[in-house]
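For reference, the chains in residue letters:
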Amino acid sequence: MQPAILTVSQLNAYVKSLLDGDSRLGCVFVNGEISNFKNHYKSGHLYFSLKDAKGVVSSVMFATQASRLRFSPADGMKVLARGRVSLYEASGQYQLYVEDMQPDGRGALHLAFEQTKEKLAREGLFDPERKRPLPEFPERIGVITSPTGAAIHDIRQVLARRYPLAEIVFAPVLVQGEGAPAQLVQALERMNALRCADVILFGRGGGSFEDLWPFNEEAVARAVAASRIPVISAVGHETDVTICDFAADRRAPTPSAAAEMAVPDRQELLGQIAGVRLRLEQLVRAKWERAYHQWKGLAHSRALAHPEELVALEKMRLDALASRLSFQMESRVSRERERLAEQSGRLDTLSPLKVLARGYAVVAGPGGPVTDAAQVAVGDTVSVTLREGELSCRVEKVSQTGRRKNHGGGKKHDI
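Worth saying up front: this structure is predicted, and the values here are computed from it rather than measured.

Colleague: Describe helix 9 (residues 266-299), naming the residues involved and giving the relevant values.
Modeller: The first and last C-alpha atoms of helix 9 sit 49 Å apart over 34 residues, in line with the 50 Å expected at 1.5 Å per residue. Regarding helix 9, its N-cap is Asp265, as a side-chain oxygen of that residue lies 3.2 Å from the backbone nitrogen of Gln267 further along.

Colleague: Residues and numbers for the pairing of strand 4 (residues 78-88), please.
Modeller: Among the 11 residues that make up strand 4, eight are buried, leaving the element largely enclosed by the rest of the structure. With six bridges joining them, strand 1 (residues 28-39) and strand 4 adopt antiparallel strand pairing. Paired with Glu33 across the bridge in strand 4 is Lys78. Alignment of strand 4 against strand 5 (residues 93-103), held across 10 bridges, turns out to be antiparallel. Paired with Val85 across the strands is Leu96, a residue of strand 5. Joining the antiparallel neighbours strand 4 and strand 5 is a turn of four residues, in which Gly92 adopts a positive phi near 70 degrees.

Colleague: Can you lay out the packing of aromatic side chains for me, pointing to particular residues and giving the numbers?
Modeller: In this structure the tally under the stated criterion is 10 aromatic pairs. Plain terms: the ring middles of Phe29 and Phe113 are 5.9 Å apart, the flat faces sit at 70 degrees to each other, and that makes the pair edge-to-face. A residue pair is termed long-range when its members are at least 10 positions apart, and Phe29 in strand 1 and Phe113 in helix 3 (residues 108-122) qualify at 84 residues. Like Phe113, Phe29 is buried. When the centroid spacing of 5.9 Å and the interplanar angle of 45 degrees are considered together, the rings of Phe62 and Tyr97 count as tilted.

Colleague: Explain the sheet that holds strand 8 (residues 199-204) to me, using residue names and the numbers behind them.
Modeller: Spatially, 7-6-8-9-10 is the arrangement adopted by the five strands of the open sheet, whose pairing is parallel. Pairing within the sheet leaves two strands with one partner each, and these edge strands are strand 7 (167-172) and strand 10 (250-251). Taken together, the five bridges between strand 8 and strand 9 (residues 231-235) define a ladder with parallel strand orientation. When the bridges of strand 9 are listed, Gly203 appears paired with Ala234. Running over the sheet, helix 4 (residues 150-162) touches strand 6 (140-145), strand 7 and strand 8 and is turned about 165 degrees from strand 6.

Colleague: Now, about the sheet that holds strand 14 (residues 390-394): what can you tell me, with residues and values included?
Modeller: Spatial ordering of the open sheet is given by 12-11-13-14, a layout of four strands whose pairing is antiparallel. Only two strands of the sheet have a single neighbouring strand rather than two, namely strand 12 (368-369) and strand 14. As paired elements, strand 11 (residues 362-365) and strand 12 share two bridges and run antiparallel to each other. In the strand pairing of strand 12, Ala364 is matched with Pro369.

Colleague: Break down the side chain of Ser233 for me, citing the residues and quoting the values.
Modeller: When you line up the elements, Ser233 lands in strand 9. Classification of Ser233 as buried rests on a relative accessible area of 0%. Within the structure, Ser233 has its side chain in polar contact with the side chain of Asp245 (distance 2.6 Å).

Colleague: So what's going on with unusual backbone geometry? Residues and values would help.
Modeller: In this structure, Asn36 is a non-glycine residue whose phi angle is positive, near 55 degrees. Accessibility expressed as a relative area gives 55% for Asn36, which makes it exposed. The phi dihedral of Arg195 falls on the positive side, at around 50 degrees, and the residue is not glycine.

Colleague: Break down the packing of helix 5 (residues 180-194) against helix 6 (residues 218-226) for me, citing the residues and quoting the values.
Modeller: Interaxial distance between helix 5 and helix 6 falls to 9 Å at its minimum, and their mutual angle equals 10 degrees. One finds that helix 5 runs roughly parallel with respect to helix 6. Seen along the crossing, helix 5 lies across helix 6 with a hand that is left-handed. Residue-level contacts link Pro181, Leu184, Val185 and Leu188 of helix 5 to Ala219, Val220, Ala223 and Val224 of helix 6. Here the contact of helix 5 with helix 6 is built from residues that sort into eight nonpolar, no polar and no charged.

Colleague: Tell me about the nonpolar core, residues and numbers included.
Modeller: Ile144, Leu188, Met191, Ile200, Phe202 and Val224 are the most contacted members of the largest nonpolar core, which totals 38 residues. Of all the secondary-structure elements, those providing two or more residues to this core are helix 3, strand 7, helix 5, strand 8, helix 6, strand 9 and helix 7 (243-247). In this view, Leu188 contacts Ile144, Ile200, Phe202, Val220, Ala223, Val224 and Val231; residues no more than four positions away in its chain are not counted. Counting residues in each nonpolar core, the second largest holds 19 residues, with Leu201, Ala258, Ala259 and Ala262 among its members.

Colleague: Tell me about the side chain of Ser49, residues and numbers included.
Modeller: Among the structural elements, Ser49 can be located in strand 2 (residues 46-51). For Ser49, a relative accessible area of 12% puts it in the buried group. Every residue in contact with Ser49, bar those within four places of it in the chain, is listed here: Glu33, Ile34, Ser35, Asn36, Val56, Val57, Ser58 and Ser59.

Colleague: Go over the confidence of the model for the protein chain with me, naming the residues and quoting the values.
Modeller: Scored by pLDDT, the protein chain comes out at a mean of 87, with 93% of its residues at no less than 70. For the stretch residues 405-415, pLDDT sits under 50, and the model shows nine contacts to residues farther than four places along the chain or on other chains.

Colleague: Account for the pattern of salt bridges, naming residues and giving values.
Modeller: Per the counting criterion, the structure on display carries 16 salt bridges. Notably, a salt bridge pairs Asp249 with Arg132, separated by 2.9 Å at the nearest N-O pair. One end of the pair, Asp249, is in the loop between helix 7 and strand 10; the other, Arg132, is in the loop between helix 3 and strand 6, and 117 residues separate them in sequence. The salt bridge partner of Glu342 is Arg346, with a shortest N-O separation of 2.9 Å.

Reading guide: rules and limits
Position numbers for residues start from 1 in each chain and track the written sequence from start to end. This being a predicted model, a pLDDT of at least 70 is required before a residue's local features are given, and a value of 80 or more before pairs of side-chain atoms are given or counted; all residues contribute to the totals for chains, interfaces and linings. In computing side-chain values, all of the structure's heavy atoms are included and hydrogens and water are not. Strands are runs of DSSP state E lasting at least two residues, helices are runs of H or I lasting at least four, and both sets are numbered from the N terminus onward. What a helix is expected to span follows from its residue count: subtract one and scale by 1.5 Å. Polar contact is the term for a pair of N or O atoms within 3.5 Å; when the atoms are in protein, one must be able to donate a hydrogen and the other to accept it, and sequence-neighboring residues count only if both atoms are side-chain atoms. Type-normalised accessible area, obtained with a 1.4 Å probe on protein chains alone, sets the label of each residue: buried when under 20%, exposed when over 50%, and partly exposed for intermediate values. Pairing between strands is defined by DSSP: at least two bridges between them are needed. Any two of the Phe, Tyr and Trp rings considered here, Trp counted by its six-membered ring, make a pair once their centres fall within 6.5 Å; the pair's planes then place it as stacked at under 30 degrees, edge-to-face at over 60, or tilted in between. In what follows, residue pairs with any heavy atoms lying within 4.5 Å of each other are defined as contacts. Only C-alpha atoms enter the line fits that serve as axes; for helices the fit covers just the stretch in contact. Angles between N-to-C directions range over 0 to 180 degrees. Oblique is the label for every angle not falling under 35 degrees (roughly parallel), over 145 degrees (roughly antiparallel), or within 65 to 115 degrees (roughly perpendicular). Each crossing gets its handedness from the near helix: less than a right angle anticlockwise from the far helix is left-handed, clockwise is right-handed. Each residue gets one label: Ala, Val, Leu, Ile, Met, Phe, Trp, Tyr, Cys and Pro are nonpolar, Asp, Glu, Lys and Arg are charged, and the others, such as Gly, are polar. As used in this record, nonpolar core signifies buried Ala, Val, Leu, Ile, Met, Phe, Trp, Tyr and Cys residues forming a set joined through side-chain atoms within 4.5 Å. Each residue gets a pLDDT score, which is the predictor's confidence in that residue and runs from 0 to 100. Salt bridges are counted wherever a side-chain nitrogen of Lys or Arg sits within 4 Å of a carboxyl oxygen of Asp or Glu.

The structure is reproduced here in C-alpha cells:
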C-alpha cells in the first residue's frame, strides 16, 4: 500500500489530535526548574521552559490562569506545574499548557499526593467512563462539609437564590485534622445507604495544603469514586487541587460554584416557561384565526347559501348511480340466462330419457341395474323401464356372450 502524502500542517494537526485525545495527557503534573522565563505584559501570558537534569519541555501559562498565581515565577525556581500536553501547530512543537503552578518544596505530603494519585489513576478510579451525569432537576441536595465553615453558608445562599425547591440534606463533619478522613468516609457511605440525596456537594472552603489534606486521603477518594449518588467535589479555592477532584463526577472551583453546578437557575427556568407559554398562546391564536377564516369561507360558500343546489346535485349523482346499477343488473341476468340455457342443453343431451326414446330399455334386477347376464339367473324377476311405462319380466333363459365361452369349444351354453 502506498503511504499517504501529508502536508506539514496536516501532519501537525494529526499529531495534535493524538495528543489532545490522550486522556493521560489531559491533566499531568510536571516537576521542574523554570528557565527562559518571559512575561508578556501586554497579553499577560507567561512563556518559559521546565527542565531537569536530562530534559526540557516548552511551557506556556495563559493570562487567566497566571492571574491566579500566588507568587512571581522566575528563572531557577523549582515548581510543580499542572496542565495538559498539546502541540503548537505553527511551530510543530509540543508543549505543556500550564493551568496551575506551585513552588516546589512541600516534601512528604506532596510525594504522598503524587503516589496516591498515580496509584488510583492506574486502577481506573479517575476514568471518564466512571463519571455519572448530574440530575437535571434534583429534589434533595446532600451537603457534606463543616457546620462552622463558610462553605455551608455559601451553599445555602446559592441554593435559596437559584433553586429554592431543592431540599438540603446536611451531614456535618470535620474537614481537617486527624479524625476528618473517617468522618468524611462515614458521611458518604451513610448518605448512599439511605439514598437521601440526588446529588452530593462534598468539600470545604480554602486553606493551606495541609488543611486540605483529608481530601487527598486514599480512603476518602475511594469513597467518593464508589458513591452511587453523583458527587461534586468543591475543595478549597479555584487553584486548589485534591485527589477527590479527580475521583468525583464533577469538580467545582468553590463550594458556591458547586451549588450553582448542582441545580438549575430559577430565573432561567421561569424565562423558559414564559417562552413556552408565549409560543403556546401564539399557536392557539393562529389556530383559532385559521378556524375563524375557514368558518367565514364556509359561511359564504354557495353550498350553504343555496343548499337546494347541493341537494339537486346529489339527486343527479344518485340517479346516475341507479341507472348504472340497473344496466349492470340486466347485463348480469342476461349472461346468466345464456349460461343456464347452455347447461340445460348439455344436460338434455346426456339425459337417459333420450336414450330410451330411441327404443332402448333399462333392466333392473334385485341387485340394481343389470349390465351383465351373469347378474341374473333363470327364474329371477327383473323390471324393464321403457320410454313410456315399465315391464315386470321373469327370466327364462340366460345367454353368455363370446367373452364367457369356455375354452373347450365354440359352443354357447344355456343356463
